[in-house]
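# Examination of the molecular architecture
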Amino acid sequence: MNNEQDLWTYTLQPQDDGQKYQEILFRKFHFSRKLIQHLKQAEERVWVNGVFTFLTARGKAGEVLAVQLQTPETNSIPGEDLPLEILYEDDYFLAVNKPAGQVVHPTPRYPTGTIGNAVVGYWLAQGEARPFRPIHRIDRNTSGVVVVGKNQFAHQQMAWQHTHRRIHKCYLGIVEGQVKEDQGVINAPIALAPGSFMQRQISLEGSPAVTHYKVLERYQDVSLLEFILETGRTHQIRVHCQHLGHSLLGDDLYGGSLARIDRQALHSSIYEFNHPLTGELTSIQAPLPEDLQQLLRGLRSFNA
């Protein structure tokens, strides 16, 4: 049996008596069928009371089920020695503060210099090898929190939480004009715009998209808003702001002016989830970057 510090453990309860171990993992702890199949195919990674067991065996109340979740893996992309601002890290997650202008994952257009390259480079410097598994992505010119799963279990557990809307994501944005309502909900489906591989638009044939917003401050001709996402569609906040009639400053793709800032004034400020190992609420926050702070200072001084 491997080092006990690396194991996920659970003591079977009376209601688990007679249940297959794989069903306990699937129904009670939301292990995906894919991960369970992977555990079955791998070498010894599941034990009961310290003795190897098959996941198809049936359990008894009081038994201690142990699963090896941290296993040797290989890098999925090249690592690079790049700046990386780490906001949070444990054995299951790494969260970083992405600057505006940097892509999360390598693409044909941006094959290097990404958050993914930086994260893998950071791991390699510590003698660790693992695939880059971002839990979510934010646009190249959006700044803020990006969370990465450090193993397959962490990644699929967060996918389950996302599907069941257990994740809380908060953004801050500066938009054109004074938003009249103090708060509101934008419920408008989003689809890819015809003839474009990138731009989105509101469309009845699109995927459901819901954004909650609240006005934090109003200035002469712009407003600072807080956005809470129920869904996570590509460009959701940007498209919804345009639909609201208040495009994000600097977002020229969706009608925003470049006069004050040359990138969309949008920042991923808070990412909260229940840690799959402990169940405790984990809150990760990214401070507002200097370009947005400078923009707000100018707006406030003009208002004074």
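Up top is the structure these notes are about.
In this text the structure is predicted, and so the values were computed from the model without any measurement. (Residues numbered from 1 in each chain as written. Predicted model: local features only at pLDDT ≥ 70, side-chain atom pairs only at ≥ 80, totals over all residues. Heavy atoms only, no water.)

## Focus: the overall build of the protein
Operational definition: Under the DSSP-based scheme used, a helix requires at least four consecutive residues in state H or I and a strand at least two consecutive residues in state E, with every element numbered from the N terminus. Each residue is assigned to one of three classes by its accessible area relative to the maximum for its type, calculated with a 1.4 Å probe on protein chains only: buried under 20%, partly exposed between the two thresholds, exposed over 50%. In what follows, a contact means two residues having at least one pair of non-hydrogen atoms within 4.5 Å. All accessible-area figures derive from a Shrake-Rupley calculation using a 1.4 Å probe, and residue coverage is judged against the displayed protein chains alone.
Regarding its fold elements, the protein presents 6 helices and 16 strands. Structurally, the protein occupies a C-alpha span of about 70 × 45 × 40 Å along its principal axes. Burial status across the protein gives 45% buried among its 304 residues. Sequence separation of at least 24 residues holds for 65% of the intrachain contacts in the protein that already meet a minimum separation of 6. Put simply, the protein shows about 15,200 Å² of open surface, and 49% of that area lies on carbon and sulfur atoms.

## So, empty space enclosed by the protein
Our working rule: Put plainly, a pocket is an open set of points on a 1 Å grid over the protein atoms alone with protein on both sides within 12 Å along at least five of seven lines, a cavity is a set where a 1.4 Å probe fits but cannot get out, and a lining residue has an atom within 4 Å of a point. Grid points are joined across faces, edges and corners, and a volume is the space filled by probe spheres set on the points. The nonpolar class holds Ala, Val, Leu, Ile, Met, Phe, Trp, Tyr, Cys and Pro. Asp, Glu, Lys and Arg form the charged class, and all remaining residues, Gly among them, are polar.
For the coordinates displayed, the defined rule picks out 1 cavity of 30 Å³ or more. In this model, the largest cavity occupies a volume close to 80 Å³. If you go around the largest cavity, the residues you meet are Leu35, His38, Arg45, Leu69, Thr71, Glu73, Asn151, Gln152 and Phe153. Among the residues making up the lining of the largest cavity, the classes are represented as 3 nonpolar, 4 polar and 2 charged.

## Some remarks on the nonpolar core
Worth spelling out the cut-off: What is meant by a nonpolar core is a set of buried Ala, Val, Leu, Ile, Met, Phe, Trp, Tyr and Cys residues, joined one to another through side-chain atoms within 4.5 Å.
Ranked by size, the top nonpolar core spans 30 residues in total, and within it Trp8, Leu25, Phe31, Leu65, Phe93, Val147 and Tyr271 carry the most contacts. Apart from the residues lying within four places of it in its own chain, the contact partners of Tyr271 are Ile135, His136, Val145, Val147, Met158, Ile167, His168, Lys169, Thr282, Ser283 and Ile284. Residues Val104, Tyr213, Val215 and Leu266 belong to the second largest nonpolar core, which totals 26 residues.

## Thoughts on the environment of Leu84
Turning to its location among the elements, Leu84 is positioned in the loop between β4 (64-68) and β5 (86-89). As for Leu84 and Asn97, which are separated by 13 residues in sequence, their C-alpha atoms are 7.6 Å apart. Discounting residues that sit within four places of it in the chain, Leu84 has contacts with Val96, Ile115, Ala118, Val119 and Tyr122.

## Quick look at helix α5 (residues 236-244)
Gln236, Ile237, Arg238, Val239, His240 and Cys241 are the residues of α5 that are buried. Gly245, located one to two residues past α5, shows a positive phi value of around 90°.

## Quick notes on the sheet that holds β4
Inclusion rule: Only strands that DSSP links by at least two bridges are regarded as paired with each other.
Strand order in the open sheet made by the 4 strands is β1-β4-β2-β3, with antiparallel pairing throughout. Bordering the open sheet on either side are β1 (7-11) and β3 (51-52), each of which pairs with just one other strand. Across 2 bridges, the pairing between strand β2 (residues 46-48) and β3 is antiparallel. By the bridge assignment for β3, Trp47 is matched with Phe52.

## Side note on helix α3 (residues 115-125)
Side chains of residues three or four places apart in an α-helix project in the same direction, reflecting 3.6 residues per turn. Selection rule: Polar contact is defined as a pair of N or O atoms within 3.5 Å, subject to the rule that within protein one atom must be able to donate a hydrogen and the other to accept it, and that residues adjacent in sequence are counted only when both atoms are side-chain atoms.
Of all 11 residues making up α3, 8 are buried, and the element is well covered by its neighbours. For α3, every residue scored as buried is listed here: Ile115, Gly116, Asn117, Ala118, Val119, Val120, Gly121 and Trp123. Looking at the buried side of α3, the elements it contacts are β5, β6 (93-98) and β8 (143-149). The opening residue of α3, the one whose side-chain oxygen lies 3.2 Å from the backbone nitrogen of Gly116, is Thr114. A positive backbone phi angle near 75° is found at Gly127, which sits one or two residues after α3.

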